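# Examination of the molecular architecture
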Amino acid sequence: MTETAWNTVSGTDTGAAFELFFGYPDEASFAATVQALVADGVASGIARKDKTLWGPAAEDESGKRLSWVSLSESSRPLVAEIAALQVELRVAGLSRVVLCGMGGSSLAPEVICGAAGVELDVLDSSDPDFVRTALEDRLGETVVVVSSKSGGTVETDSQRRAYEKAFTDAGIDPAQRIVVVTDPGSPLEKSAREAGYRVFLADPEVGGRYSALTAFGLVPSGLAGADIGRLLDEAEAIRPALEADSVDNPGLRLGGLLGVANLAGVDKLVLANAGATYAGFGDWAEQLIAESTGKDGKGILPVVVEALDSPNFVPSTGDEVLATFGPDFVFGPDAGQVRPTSGYGIHVDAPLGAQMLLWEYATAVAGRVIGISPFDQPDVESAKAAAREMLDGGGETPTPLFVQGPVTVYASPGWLPPEARTVSAAVAALLSELDQEHGYVSVQAYLDRHRDAALAGVRDTLAVLTSRPVTFGWGPRFLHSTGQYHKGGPATGVYLQVTGDPQADLAVPDRPFTFHEFLTAQAVGDGSVLASHGRPVLRLHVSGPGDLDVVREALS
């Protein structure tokens, strides 16, 4: 196990409430990187929206994606507007807020509302059972926020159509219940205004994964009852420290450490909650980091774990940076303390608004150190295109390799031995493809993430079984998060998809496909793109929700 040296930086002298600890095996490399970032004026450059910081090839995208740096100030007028609408909705008896959105449009509100202890129902799935459950819950008390930056997100469009029909069938005017958040000039803005919906426009020069403090994060959170003014205050308090060209800049240190570790082959980031009230922060950070850095064969893979004693955190592997968020410092050489195998560790304690802006800065800084643009997502569209092709009747319909009881097995070409004709044998063959030095397992469940939540436990099981990093994502949610990394990052993953027949399908109003057909197209489409990149993909399809025990048993 590599020895770790630690240093710290805090906001004690700045009035901002933050404290960070950094652990590293090579102090000279870390210090030199931070000093170079200071000498190059990277922090002040980000603050003044300098598009040249990530190289000439990145300038076009960077030039229109840097307005997140000042959102703690520029988003302030939204607070009163959202508060007034919330009062109006509450007076009308509308106490339940549903958010239809994907990726950056849903992950930030989810963690903000979780931290505030207020109810927000996030509808970020194409699973028909999941959608139906949302539609049938307290419709008379429901206001729906429809969030899409592009205005063309198919999942969100389908969810909106389902709610419009449900309201109309119940004799409720959708214009009294639907609030839209989108970019200016999007197709959704046009159709929403024509329908008489309330519309909030977000800053178009902020990418989705950096949009936590825009209307995308603030509108649903504020309507649900979260204190969004305080969230902006927390971000504003840390902002001067992040803009300073100083070796004590927490964003430069955090981003510098992530970059230095990555260049040293430590390219996984294990995220664990250490007593924070915002337990879902790891899921938000996962999208920010994976989608920003996973491209050009490079990147940082976030691995979100359930607890401080979860496998991949304890024990860890030599290619993992261990990171905690929250007040409890768990690292050290003594019995009962955590020692990162790689020598790299991070502890960040700060309020949620400060955490968000800090990690956005750090991700942009890490992108510069690694040598990628943190603001594009060149491989996300490929999976969307493959799904559209399937829905349009194109693409190849997959042929099952074999059926064992309630499980139908599919695999991408070229890796599964012909003698593997049981579910357990197919899983074992997939895991045998793992690179034991740098590989990871990605489990992708295209199911009802509430009803089937117990399946997420296979992450820990597989991490113990393989002694390698394992991620777990719900489809199609993860496609807007780690999906970019899977296709654009290092070619070291093996991919296990779990799909299933629903209890009942559900039509997408005025579209030529159902929710289940769409969900299946998303799974098959993404699997085909992964296969085209040479990634091994195994899909286990169950006959119904009650058959998932067979999958769990095969994975144990």
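For the structure, see preceding data.
These lines cover the structure that appears in this document, whether it is placed above or below. (Residues numbered from 1 in each chain as written. Predicted model: local features only at pLDDT ≥ 70, side-chain atom pairs only at ≥ 80, totals over all residues. Heavy atoms only, no water.)

## Points about the side chain of His 347
Tracing the chain through its elements places His 347 in strand S11 (residues 345-349). On the accessibility criterion, His 347 (1% relative accessible area) is buried. Side chain to side chain, His 347 and Thr 324 meet in a polar contact 2.9 Å long. Contacts of His 347, omitting those with residues within four sequence positions, involve Glu 19, Leu 20, Phe 21, Thr 324, Gly 326, Pro 327, Asp 328, Phe 329 and Phe 331. (Helix = DSSP H or I, 4+ residues; strand = E, 2+ residues; numbered from the N terminus. Buried < 20%, exposed > 50% of the residue type's maximum accessible area, 1.4 Å probe, protein only. Polar contact = N/O pair within 3.5 Å; in protein donor to acceptor, adjacent residues only side chain to side chain. Contact = heavy atoms within 4.5 Å.)

## Notes on the pattern of salt bridges
A complete count under the given rule lists 42 salt bridges for this structure. Of the charged contacts in the structure, one is a salt bridge between Arg 76 and Asp 233, with a shortest N-O distance of 2.9 Å. Note that Arg 76 is positioned in helix H5 (residues 76-91) and Asp 233 in helix H11 (residues 228-243), a separation of 157 residues in sequence. Arg 76 sits in the partly exposed class, given a relative accessible area of 32%. (Salt bridge = Lys/Arg side-chain N within 4 Å of Asp/Glu carboxyl O.)

## A look at the side chain of Ser 186
For Ser 186, the location among the structural elements is in the loop between strand S6 (178-182) and helix H9 (187-195). With residues up to four places along the chain from it excluded, the contact list for Ser 186 reads Lys 149, Ser 150 and Gly 151.

## Section: the packing of helix H6 (residues 104-116) against helix H13 (residues 281-293)
One way to put it is that H6 packs onto H13 with a least axis distance of 8 Å and a crossing angle of 150 degrees. Of the possible angle classes, the one that applies to H6 and H13 is roughly antiparallel. Considering the relative orientation of H6 and H13, their crossing is left-handed. Judged by residue contacts, Gly 104, Leu 107, Ala 108 and Val 111 of H6 engage Phe 281, Asp 283, Trp 284 and Gln 287 from H13. (Axes fitted to C-alpha atoms, helices over the stretch in contact; angles between N-to-C directions. Parallel < 35°, antiparallel > 145°, perpendicular 65-115°, else oblique. Left-handed = near helix turned anticlockwise from the far one by under 90°.)

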